[in-house]
Amino acid sequence: QVQLVESGGGLVQAGGSLRLSCAASGRTFSSAAMGWFRQAPGKERDFVAAISGSGGNTDYADSVKGRFTISRDNAKKTVYLQMNSLQPDDTAVYLCAATNRPFGGSNWLVYGYWGQGTQVTVSS
């Protein structure tokens, strides 16, 4: 069982940066692949980034490549999402997710554990 708690969201101006954190509980965190997704009001849940249990494999949505970086610290049981050059289109609730698969990728259906989300608002 894995429980996830996101933090680090907030209001930022366009061009600014935020770092999201997702703290996990459970003994199997280091073997759990993790992902970040986001959902804006009235829109579907979109993939943002994913990372394998070891941290050696990552993937990003085209819309965030070069701006966002996903990383993890297995000793702290935490996964991070560094977000730079934020734009108003990045405004959404950001959700952390975990899967027992070696790598979850962009398909949210393979993730069995979800946090409550943290709001990110980017003003123009």
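For the structure itself, consult the block above.
Let us look at the structure shown here. (Residues numbered from 1 in each chain as written. Predicted model: local features only at pLDDT ≥ 70, side-chain atom pairs only at ≥ 80, totals over all residues. Heavy atoms only, no water.)

1. Observations concerning unusual backbone geometry
Notably, Lys77 is not glycine yet its phi reads approximately 55°, a positive angle. For Lys77, the location among the structural elements is in the loop between β7 (68–73) and β8 (78–83). Judged by its relative accessible area of 29%, Lys77 is partly exposed. (Helix = DSSP H or I, 4+ residues; strand = E, 2+ residues; numbered from the N terminus. Buried < 20%, exposed > 50% of the residue type's maximum accessible area, 1.4 Å probe, protein only.)

2. A few points about the environment of Tyr111
Residue position: Tyr111 is located in the loop between β9 (92–99) and β10 (113–114). According to the relative accessible area criterion, Tyr111 is buried, its value standing at 4%. Sequence-wise, Tyr111 and Val48 are 63 residues apart; in three dimensions their C-alpha atoms are separated by 14 Å. Discounting residues that sit within four places of it in the chain, Tyr111 has contacts with Ala33, Met34, Gly35, Phe37, Ala50, Ala97, Ala98, Thr99, Gly104 and Gly105. (Contact = heavy atoms within 4.5 Å.)

3. A few points about the state of the cysteines
Scanning the model with the defined rule gives one disulfide in all. Disulfide pairing places Cys22 opposite Cys96 at an S-S distance of 2.1 Å. Its S-S torsion of about -80° marks the bond between Cys22 and Cys96 as left-handed, since a negative value means left-handed. Placement of Cys22 in strand β3 (residues 18–25) and of Cys96 in strand β9 is noted, with a sequence separation of 74 residues between them. Per residue, the accessibility class of Cys22 equals that of Cys96, and both read buried. (Disulfide = S-S within 2.5 Å.)

4. Points about the nonpolar core
Judged by nonpolar contacts, the single largest core of 37 residues is most densely connected at Leu4, Met34, Trp36, Leu81, Met83 and Tyr94. Elements that contribute at least two residues to this core include exactly β3, β4 (33–39), β5 (46–51), β7, β8, β9 and β11 (118–123). (Core = buried A, V, L, I, M, F, W, Y, C linked by side-chain atoms within 4.5 Å.)

5. Considering the pattern of salt bridges
All chains considered together, the criterion is met by three salt bridges. The shortest N-O distance in the salt bridge between Arg38 and Asp90 comes to 2.9 Å. On the criterion of sequence distance, the pair formed by Arg38 in strand β4 and Asp90 in the loop between β8 and β9 is long-range, its members being 52 residues apart. Comparing Arg38 with Asp90 shows no difference in burial state: the two are buried. Several salt bridges converge on common partners, so that one network encompasses Arg38, Arg67 and Asp90. (Salt bridge = Lys/Arg side-chain N within 4 Å of Asp/Glu carboxyl O.)

6. What to know about the side chain of Thr118
The residue Thr118 is located in strand β11 in this model. Judged by relative accessible area, Thr118 falls into the buried class, the value being 11%. A distance of 3.2 Å separates the side chain of Thr118 from the backbone nitrogen of Gly9, its partner in a polar contact. Those residues in contact with Thr118, other than ones at most four positions away along the chain, are Glu6, Ser7, Gly8, Gly9, Leu20, Ala92, Val93 and Tyr94. (Polar contact = N/O pair within 3.5 Å; in protein donor to acceptor, adjacent residues only side chain to side chain.)

7. With respect to the pairing of β11
Side-chain alternation along β11 places Thr118, Val120 and Val122 on a buried face and Gln119, Thr121 and Ser123 on a face that remains uncovered. Of the strand pairs in this sheet, strand β2 (residues 10–13) and β11 are connected by four bridges, and their pairing is parallel. Within β11, the position partnered with Leu11 by the bridge is Thr121. In terms of strand pairing, β9 meets β11 through three bridges, oriented antiparallel. Across the sheet, the residue bridging to Val93 is Gln119, located in β11. (Pairing = 2+ DSSP bridges.)

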